[in-house]
Amino acid sequence: MTRLDVAPPASEGPVDCDGPRALVVEAREVPLGGVRNMEVHRTLPHRALPMVGAWCFLDRFGPQETLMRVEPHPHIGLQTVTWPIVGEVRHREAVGSDVVVRPGALNLMTSGDGIAHSEYSVGDDPIPLDALQLWVALPESRRHGGPAFERHEDLPVLDLGEGADAIVVMGSLGGVSSPATVHTAIVGAELRLPAGIPVRVPLDTRWEYALYGMIGSAEAQTGVDAVDADAARRTTPLPTAEATASVDGSRLLYLGTGRDHVELVSAEGARVFLLGGEPFEADIVMWWNFVGRSHDEIVAAREAWEAGAPRFGTVVDHGPERIPAPPLPAVRLTPRRRRV
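Everything numeric in this text was worked out from a predicted model, so none of it was measured.

About the cut-offs
- Residues numbered from 1 in each chain as written.
- Predicted model: local features only at pLDDT ≥ 70, side-chain atom pairs only at ≥ 80, totals over all residues.
- Heavy atoms only, no water.
- Pairing = 2+ DSSP bridges.
- Helix = DSSP H or I, 4+ residues; strand = E, 2+ residues; numbered from the N terminus.
- Axes fitted to C-alpha atoms, helices over the stretch in contact; angles between N-to-C directions.
- Buried < 20%, exposed > 50% of the residue type's maximum accessible area, 1.4 Å probe, protein only.
- 1 Å grid on protein atoms, 1.4 Å probe; cavity = no way out; pocket = protein on both sides within 12 Å on 5 of 7 lines; lining within 4 Å.
- Points joined across faces, edges and corners; volume = space filled by probe spheres on them.
- Nonpolar A, V, L, I, M, F, W, Y, C, P; charged D, E, K, R; others polar.
- Phe/Tyr/Trp six-rings, centres within 6.5 Å; stacked < 30°, edge-to-face > 60°.
- Lys NZ or Arg CZ within 6 Å of the ring centre and 35° of its normal.
- Expected span 1.5 Å × (residues − 1).
- Contact = heavy atoms within 4.5 Å.
- Salt bridge = Lys/Arg side-chain N within 4 Å of Asp/Glu carboxyl O.

1. Digging into the sheet that holds strand S10 (residues 115–121)
Consider a sheet: its strands pair through backbone hydrogen bonds, and that pairing is either parallel or antiparallel. Overall, antiparallel pairing links the four strands, which are arranged S5-S10-S7-S8 in an open sheet. Both edges of this open sheet fall to strand S5 (69–75) and strand S8 (98–101), since each of them pairs with a single strand only. On average, each strand axis in the sheet is inclined to that of its neighbour by 20°, with strand direction left out of account. Where S5 meets S10, five bridges bridge the pair, whose relative direction is antiparallel. Note that in S10 the partner of His73 across the bridge is His117.

Below, the structure written as structure tokens:
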């Protein structure tokens, strides 16, 4: 999915973020492809929290009834993870894939040095549509490679007990691993929580994690008071065994590192997406649909797209239609550095 914003200014330098946290990132409405014809809400990146592990982007488009038409557009340096909740979307890209994205199936596109794709809702009329789209920043060892696409319809499930479980979409959780290709140590999992029963989710103390509500709401036992991410640099979290924080579709709850589990409970039942992983190897420069390491690299990718360079390939069953790159800002793009 194409996006339209510019990188926030860099902070004064890296911030020590070791240990459990409870930071709330409120979702904000953003344009899709520069046209506000779809309801899209974004929680990552945030100026205080640009990444969670290698996860650098989280959009939710929906729930709504809409006609989705996202014309061919480019990506570099990332993987797109599409996880539908309601509705079907036709995905086409330059590797040659032409598939319908449906709930329960993972569609994973790896851009490498460059790829183009399009996304259309199925049919010619508005349909109910609700989905998550996430991006994973590629490490140095993979970001200059070729493009790829894979689809997984039989994903492993981790039993969490008492009727709760987790679909392991990407990476590993509790010793269960997804078949999807990953290039850093991460996890993306849909947690399915029954009503009224506390559920303990195993975590790795070396990794950082966050939670996002898909359907319904839950309370997470955080152990520290929750604070808004924008205010976190001015607020010292207070340890308290009773501290909890809400998880729903209006916010991302960042948990930090140093946890071996998180406990969740939902009064009416809920579906929650867990994302996490090892802190990423480098600061990234992120602009439009590009993830790189420097201003010059982003400029070169933009120029290549505008020039119709073969670097991005040709999207299956498309003619000359494409989304043009927006103008670059008048300042140099700077790395996204954590501020909390």
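2. So, the pairing of strand S16 (residues 186–193)
Most of S16 sits inside the fold, with seven of its eight residues counted as buried. Bridging between strand S14 (residues 164–173) and S16 involves six bridges; their strand directions are antiparallel. Bridge assignment links Ile167 to a residue of S16, and that residue is Glu190. Here eight bridges tie S16 to strand S24 (residues 270–277), and the two strands are oriented antiparallel to one another. By the bridge assignment for S24, Glu190 is matched with Phe273.

3. Notes on the pairing of strand S9 (residues 106–110)
S9 sits mainly inside the fold: five of its five residues count as buried. Burial along S9 is two-sided: the face carrying Leu106, Leu108 and Thr110 and the face carrying Asn107 and Met109 are both buried. Pairing analysis gives four bridges linking strand S6 (residues 78–86) to S9, with the strands arranged antiparallel. Note that in S9 the partner of Gln79 across the bridge is Thr110.

4. Notes on the environment of Ala189
Residue position: Ala189 is located in strand S16. The sequence separation of Ala189 and Leu211 amounts to 22 residues, and the corresponding C-alpha distance is 9.8 Å.

5. Here's the deal with the layout of surface pockets
In this model, the second largest pocket occupies a volume close to 170 Å³. Lining the second largest pocket we find 14 residues, and of these Gly313, Thr314, Val315, Gly319 and Arg322 sit closest to its centre. Broken down by class, the residue content of the lining of the second largest pocket amounts to seven nonpolar, five polar and two charged.

6. A look at the packing of aromatic side chains
Taken as a whole, this structure holds seven aromatic pairs when the rule is applied. Centroid distance Trp288 to Phe290: 5.5 Å. Interplanar angle 85°. Geometry classified as edge-to-face. Residue Trp288 shares its accessibility class with Phe290, and that shared class is buried. Three or more aromatic residues joined by ring pairs make a cluster, and in this case those are Trp287, Trp288, Phe290, Trp305 and Phe312. A cation sits over an aromatic face here: Arg92 above Tyr120, 4.9 Å from the ring centre.

7. Brief notes about helix H1 (residues 295–306)
An α-helical turn contains 3.6 residues, so any two residues separated by three or four positions project in the same direction. The terminal C-alpha atoms of H1 lie 17 Å apart, and with twelve residues this matches the ideal 16 Å at 1.5 Å per residue to within 8%. Listing the buried residues of H1 in full gives His295, Glu297, Ile298, Val299, Ala301, Arg302, Ala304 and Trp305. In this structure, the buried residues of H1 make contact with S5, S10, strand S25 (285–287) and strand S26 (290–292). Positive backbone phi, at 70°, marks Gly308, one or two positions downstream of H1.

8. As for the sheet that holds strand S12 (residues 148–152)
Spatially, S2-S3-S4-S11-S6-S9-S12 is the arrangement adopted by the seven strands of the open sheet, whose pairing is antiparallel. Each end of this open sheet is capped by a strand with a single partner; those strands are strand S2 (28–29) and S12. Relative to S12, S9 is paired through five bridges, and the arrangement is antiparallel. The residue of S12 that forms the bridge with Leu106 is His152.

9. Some thoughts on empty space enclosed by the protein
For the structure shown, the criterion picks out one cavity of 30 Å³ or more. Estimates place the volume of the largest cavity at around 70 Å³. Around the largest cavity, the lining residues are Phe61, Thr82, Pro84, Gly87, Glu88, Val89, His91, Val101, Glu119, Leu129, Ala131 and Gln133. Of all the secondary-structure elements, those providing two or more residues to the lining of the largest cavity are S6, strand S7 (89–93) and strand S11 (127–137). Of the residues that constitute the lining of the largest cavity, the class distribution is six nonpolar, four polar and two charged.

10. Here's the deal with the pattern of salt bridges
Per the stated rule, a full pass over the model turns up 19 salt bridges. Put simply, Arg271 and Glu190 hold a salt bridge, and the shortest N to O gap is 2.7 Å. Of this pair, Arg271 sits in strand S24 while Glu190 sits in strand S16, placing them 81 residues apart in sequence. Given the relative accessible area of 28%, Arg271 is considered partly exposed. Residue Glu190 is classed as buried on the basis of its relative accessible area of 2%. Between Glu208 and Arg338 there is a salt bridge, with its nearest N and O atoms 3.1 Å apart. A residue pair is termed long-range when its members are at least 10 positions apart, and Glu208 in strand S18 (residues 208–215) and Arg338 in the segment after H1 qualify at 130 residues. A relative accessible area of 1% places Glu208 in the buried class. Relative accessible area serves as the criterion here: at 14%, Arg338 is assigned to the buried category.

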